[in-house]
Amino acid sequence: MSVLPLEELRTAVGAEHVLVDAGLTASYERDWTGRFGARAGCVVRPADTAQVAEVVRTCAAAGVPVVVQGGNTGLVGGAVPAGGEVLLSLTRLTELGDVDVAAGQVTAGAGVTLGRLQDHARAAGLDFGVDLAARDSATVGGLVATNAGGIRVLRYGSMRAQLLGAEAVLADGSVVSRMAGLLKDGTGYDLVSLLAGSEGTLGIVTQARLRLVPRLTARCVALLALPDADSAIAVLPELRRRLPHLSAAELLFADGLALVRKHGHLPAPFAEEHPAYLLLECADTTDPSDALVEAVSEADGLLDATVATDAAGQRALWAYREQHTEAINAEGVPVKLDVSVPTGRLPELAARLTPTVAGVVPAARTIVFGHVNEGNLHVNVLDAGDDAERVTDAVLRLVAELEGSISSEHGVGRAKTAWLSLSRSRTEIAAMRAIKTALDPQGVLNPGVLLPAV
Ligand SMILES: Cc1cc2nc3c(=O)[nH]c(=O)nc-3n(C[C@H](O)[C@H](O)[C@H](O)COP(=O)(O)OP(=O)(O)OC[C@H]3O[C@@H](n4cnc5c(N)ncnc54)[C@H](O)[C@@H]3O)c2cc1C
């Protein structure tokens, strides 16, 4: 690798924002799961778009690759170095514009956390359509770059659907900016949309113009106990039909719930343990409780149910779902896979996952949970030992057989590049590579992420 242009970087962002000592860089160099990471050449913390552009120009001129990082909550190793790169942290780009209530839009810097964005929108009587458990650390830039999904996709779609504009620094340090928040724009290729899900390989998002949604304060949350995944999947279409204000439908299982309860010291939701659970949330301007209770009580196969109408009770029910990721990590470094299949094939996927993993590592523990409406399951394999790659291979091949995606919402990162061809045809990968090469001919931005190395 080329020599790091440390002096130029210090000139660009200020010496105190170029970190070289291992003690200072360590927290940036390992990913949230603990599975991915390596030493960076240095960590650079620019304050604004101009500084980001200067850093990129400097690195491009020196032939040094750049790894882009937001909140470092990504789960596929895309935001951490492979070794020796300049790690560009966007967390100082925290500017948050006034909410444009009339347009229902806001401009947010790449480093604004999701939680802060939500609070800001709510203070203006609106809300943000994407929500996920890493809200206090995940940033706008990371959410755009991964096209994050989360718990409200059922109602509002994923991050791309909230994105009305973006500003980004390209690999040569030039800046593209489409921040007017136009609701219609037919002038050719949609570069903003292309940035969504590009995982830092096409440009560095420095700010985004975001759509806001109405703030719905009347909420009701229910936890349904069911005999198996099939029943949980089967009841959803009827619940969706009866509950137009349904905003979340999350699937969890007895083993995951037991882990969450153990690590969070949480009480049992029901007197008895049940095999599968469906967590539902309805949100509206008027109280949706009666409609939810009525629909739930008539759901086929129901073993038990509990409904929370007050905020504390709702938080308690959500904790069973949202603490899964942390509880699993507390047991050891997991193999984390995030897959989706056409919803009609979800029962088969749910039934075959654990036997598939057991066929590779009989002693492994497979904890599954997910966003059931989108056919999206998070597959977490503990105790895979040295067989992480073989487990990954087996699960992703099963998903491909079921015509699914090897990455539903976390991205491909470094973790899954070897399997991209299971979800994308040779022609599609060639087209993606052509776009990458056109925008970043030197391979400066996030090399080794998303597209397999050639
Ligand atoms: C507890 C927990 C729960 C989660 N739940 C969900 C969930 O429900 N749904 C979901 O989709 N994800 C979920 N995630 C994953 C993660 O939070 C998302 O992928 C999130 O979008 C990452 O944001 P970040 O700022 O942390 O990005 P990082 O982890 O820093 O980066 C992620 C990717 O984006 C790139 N990137 C970051 N910032 C920029 C930028 N400004 N410009 C260009 N590229 C950039 C990085 O290079 C990397 O490839 C969860 C993670 C945790 C830890």
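Because the structure is a prediction, the values reported are computed rather than measured.

1. Description of the domain arrangement of the protein
Split by domain assignment, the protein resolves into domain 1 (6-89), domain 2 (105-214), domain 3 (218-325) and domain 4 (332-427). Relative to domain 2, the C-alpha centre of domain 1 lies at a distance of 22 Å. Contacts between domain 1 and domain 2 engage 12 residues on the former and 15 residues on the latter. When the two sides are added together, the surface that domain 1 and domain 2 hide from each other amounts to roughly 950 Å², 73% of it contributed by carbon and sulfur. Our enumeration of links across domain 1 and domain 2 arrives at 0 salt bridges. Our count for the contact surface shared by domain 1 and domain 2 stands at 3 residue pairs in polar contact (both at pLDDT 80 or more).

2. Examining the packing of helix α14 (residues 346-360) against helix α15 (residues 388-401)
Where α14 meets α15, the axes come as close as 9 Å, and the angle between the chain directions of the two elements is 150 degrees. As the angle between them shows, α14 and α15 are arranged roughly antiparallel. Here the hand of the crossing between α14 and α15 comes out right-handed. Residues Leu349, Arg352, Leu353, Thr356, Val357 and Val360 of α14 form the contact with α15, whose own contacting residues are Arg390, Val391, Ala394, Val395, Leu398, Val399 and Glu401.

3. With respect to the sheet that holds strand β12 (residues 246-253)
Taken in spatial order, the 7 strands of this open sheet run β14-β11-β13-β12-β16-β17-β15, and their pairing is antiparallel. Strand pairing shows two members of the sheet lacking a second neighbour, β14 (304-308) and β15 (335-340), which therefore form its edges. For this sheet the average axis-to-axis angle between neighbouring strands, irrespective of direction, equals 15 degrees. Bridging between strand β11 (residues 218-226) and strand β13 (residues 276-284) involves 9 bridges; their strand directions are antiparallel. Across the sheet, Ala225 pairs through a bridge with Tyr277, a residue of β13. Of the strands in this sheet, β11, β12, β13, β14, β16 (365-371) and β17 (376-382) are in contact with helix α12 (residues 311-322), which crosses β11 at around 45 degrees.

4. Description of the side chain of Asn446
With respect to the element layout, Asn446 can be found in the segment after α16 (426-439). You can call Asn446 buried: its relative accessible area is 2%. In this structure the side chain of Asn446 is engaged in a polar contact, spanning 2.9 Å, whose partner is the backbone nitrogen of Val68. Ignoring any residue separated from it by four or fewer positions in sequence, one finds Asn446 in contact with Val66, Val67, Val68, Gly78, Glu199, Gly200 and Thr201.

5. Observations concerning the nonpolar core
Grouped together as the largest cluster of nonpolar side chains are 52 residues, with contacts concentrated most on Leu280 and Leu349. With 7 residues, α15 is the single largest residue contributor to this core. Both domains that furnish three or more residues to this core are identified here as domain 3 (218-325) and domain 4 (332-427). When residues no more than four places from it in sequence are discounted, the contact partners of Leu349 are Val339, Val341, Leu377, Leu398, Val399 and Leu402. Listed in part, the 29 residues of the second largest apolar core include Val112, Leu114, Ala138 and Ala168.

Thresholds, definitions, all that
- Residues numbered from 1 in each chain as written.
- Predicted model: local features only at pLDDT ≥ 70, side-chain atom pairs only at ≥ 80, totals over all residues.
- Heavy atoms only, no water.
- Domains from an automatic or database assignment.
- Contact = heavy atoms within 4.5 Å.
- Buried area = accessible area lost by both parts, 1.4 Å probe.
- Salt bridge = Lys/Arg side-chain N within 4 Å of Asp/Glu carboxyl O.
- Polar contact = N/O pair within 3.5 Å; in protein donor to acceptor, adjacent residues only side chain to side chain.
- Axes fitted to C-alpha atoms, helices over the stretch in contact; angles between N-to-C directions.
- Helix = DSSP H or I, 4+ residues; strand = E, 2+ residues; numbered from the N terminus.
- Parallel < 35°, antiparallel > 145°, perpendicular 65-115°, else oblique.
- Left-handed = near helix turned anticlockwise from the far one by under 90°.
- Pairing = 2+ DSSP bridges.
- Buried < 20%, exposed > 50% of the residue type's maximum accessible area, 1.4 Å probe, protein only.
- Core = buried A, V, L, I, M, F, W, Y, C linked by side-chain atoms within 4.5 Å.

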